[in-house]
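If you want the building blocks of each chain, they are given just below.
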Amino acid sequence: MMIPVRCFSCGQVVADKWEEFSTRTKTNKEDPAKVLDEMGIKRYCCRRMLISHKELIDEVVNYSRK
Ligand SMILES: [Zn+2]
């Protein structure tokens, strides 16, 4: 599943942030909000893009396990 290249609301490119965000939250179990702060993603719309994409993937993974 691919993350959209740009934030729907403000147009900032988020696809290039996804890999780091995903690795740090999933593999390193870091707090998503903290990771976004450290990556300099301050706008709520862009944060929401990454967080909702992560939740979407988590849901798909859980669903396919059932
Ligand atoms: Zn945005």
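Predicted, not measured: the structure shown is a model, and the values here were computed from it. All chains use their own residue numbering, which begins from 1 and follows the written sequence. Under the rules for a predicted model, residues below a pLDDT of 70 receive no local features and side-chain atom pairs below 80 are neither given nor counted, while totals for whole chains, interfaces and linings still include all residues. With hydrogens and water excluded, all non-hydrogen atoms of the structure serve as input to the side-chain values.

## Examining the side chain of Thr 25
Mapping Thr 25 onto the fold places it in helix α1 (residues 15-27). Engagement of the side chain of Thr 25 in a polar contact is seen with the backbone oxygen of Phe 21, the distance being 2.8 Å. What makes two residues a contact is simply this: any of their non-hydrogen atoms within 4.5 Å. In this structure, Thr 25 is in contact with Glu 30, Pro 32, Val 35 and Lys 54, ignoring residues within four places of it in sequence. Only DSSP runs of H or I reaching four residues or more are called helices, and only runs of E reaching two or more are called strands; each is numbered from the N terminus. Polar contacts, as counted here, are pairs of nitrogen or oxygen atoms within 3.5 Å of one another; within protein the pair requires one atom able to donate a hydrogen and one able to accept it, and residues that are adjacent in sequence qualify only if both atoms are side-chain atoms.

## Considerations on the nonpolar core
Buried Ala, Val, Leu, Ile, Met, Phe, Trp, Tyr and Cys residues form a nonpolar core when they are joined through side-chain atoms within 4.5 Å. Three exposure classes are used, based on accessible area relative to the maximum for each residue type with a 1.4 Å probe and protein chains only: buried under 20%, partly exposed in between, and exposed over 50%. Counting 14 residues, the largest nonpolar core has Cys 7, Trp 18, Phe 21, Ile 41, Cys 46 and Leu 50 as its most contacted members. For this core, the secondary-structure elements that each account for two or more residues are α1, α2 (32-38) and α3 (44-65). No other element matches the 5 residues that α3 contributes to this core. When residues no more than four places from it in sequence are discounted, the contact partners of Ile 41 are Lys 17, Leu 36, Cys 46, Arg 47 and Leu 50.

## Here we look at the confidence of the model for the protein
The pLDDT averaged across the protein works out to 94; a share of 98% of its residues lies at or above 70. Of all secondary-structure elements in the protein, the lowest mean pLDDT belongs to α3, at 91, while α2 reaches the highest, 98. On a range of 0 to 100, pLDDT expresses the predictor's confidence in each residue.

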